[in-house]
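# Survey of secondary and tertiary structure
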Amino acid sequence: MHNLKELKIWQKAIDLAVLVYKATANYPPDERFGLTSQIRRAAVSIPSNIAEGAGRNSNKEFSRFLGIANGSSYELQTQLVISNKLGLLKDDVLNDLLKQIEELQKMNYAFQKMLSN
């Protein structure tokens, strides 16, 4: 098992989830059960899967959960781009979030590679 609080990837994923919640706070009420909910679930799924993997008994299992977290990050990217195209998310906010997601994806890939060695 890994010490979750020491994992930079988990900390970064938590920070991203908080930023996503703030970015979607002003979405229209009719999106509450639609895009807003989808985006927030994807954002929360990233650190949640990292945490679940960290608590598993092997690096192989941990790597599998990192893969799930990575999938959620791509889902989040897609949903944020759709939000932007619908005029719900400003370009500067989108670009900042996408930059952070890409950095997290790179960290995830490197961490998975380290676990497999």
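Scope of this entry: the structure provided in the associated data block.

Parameters and conventions
- Residues numbered from 1 in each chain as written.
- Predicted model: local features only at pLDDT ≥ 70, side-chain atom pairs only at ≥ 80, totals over all residues.
- Heavy atoms only, no water.
- Salt bridge = Lys/Arg side-chain N within 4 Å of Asp/Glu carboxyl O.
- Helix = DSSP H or I, 4+ residues; strand = E, 2+ residues; numbered from the N terminus.
- Buried < 20%, exposed > 50% of the residue type's maximum accessible area, 1.4 Å probe, protein only.
- Contact = heavy atoms within 4.5 Å.
- Axes fitted to C-alpha atoms, helices over the stretch in contact; angles between N-to-C directions.
- Parallel < 35°, antiparallel > 145°, perpendicular 65-115°, else oblique.
- Left-handed = near helix turned anticlockwise from the far one by under 90°.
- Nonpolar A, V, L, I, M, F, W, Y, C, P; charged D, E, K, R; others polar.
- Expected span 1.5 Å × (residues − 1).
- Core = buried A, V, L, I, M, F, W, Y, C linked by side-chain atoms within 4.5 Å.

## Thoughts on the pattern of salt bridges
Considering all chains together, one arrives at 3 salt bridges under this definition. A salt bridge links E103 to K12, with the nearest nitrogen and oxygen atoms 3.6 Å apart. Here the residue E103 occupies a position in helix α4 (residues 91-116), and K12 occupies one in helix α1 (residues 8-23), the gap between them amounting to 91 residues. Note on E103: relative accessible area 40%, which makes it partly exposed. Between R56 and E52 there is a salt bridge, and its shortest N-O distance comes to 2.6 Å. Overall, the relative accessible area of 27% leaves R56 in the partly exposed class. If you follow the salt bridges from partner to partner, you end up with E52, R56 and E61 in one network.

## Here we look at the environment of L4
Structurally, the position occupied by L4 is in the segment before α1. Note on L4: relative accessible area 23%, which makes it partly exposed. Separated by 55 residues in the primary sequence, L4 and N59 have C-alpha atoms spaced 14 Å apart. If near-sequence neighbours (up to four positions away) are discounted, L4 is found in contact with W10, I50, A51 and A54.

## Considerations on the packing of α1 against helix α2 (residues 35-54)
Running from amino to carboxyl end, α1 crosses α2 at an angle of 165 degrees, the nearest separation of the two axes being 9 Å. Judged on the interaxial angle alone, α2 and α1 are roughly antiparallel. As α1 packs across α2, the resulting crossing turns out to be left-handed. Seen from α1, the contacting residues are I9, W10, A13, I14, L16, A17, V20 and Y21; seen from α2, they are I39, R40, A43, V44, I46, P47, I50 and A51. In the contact of α1 with α2, the residues fall into 15 nonpolar, no polar and 1 charged.

## Examining helix α3 (residues 59-85)
The end-to-end C-alpha separation of α3 is 39 Å, in line with the 39 Å expected for 27 residues at 1.5 Å each. Looking one or two places after α3, you find G87, whose phi comes out positive at around 80 degrees.

## Comments concerning the packing of α1 against α4
Between α1 and α4, the least distance of the axes is 10 Å, while the angle of their chain directions is 160 degrees. When the axes of α1 and α4 are compared, the pair comes out roughly antiparallel. Here α1 runs over α4; the crossing is left-handed. Two secondary-structure elements touch here, α1 through K8, I9, K12, A13, L16, L19, V20 and A23 and α4 through V93, L97, Q100, I101, E103, L104, M107, N108 and F111.

## A few points about the nonpolar core
Judged by nonpolar contacts, the single largest core of 28 residues is most densely connected at L16, I46, I50, F62, L76 and L80. Secondary structure elements with two or more residues in this core: α1, α2, α3 and α4. Excluding anything up to four places from it in sequence, L80 contacts I39, L89, L94, L97 and I101.

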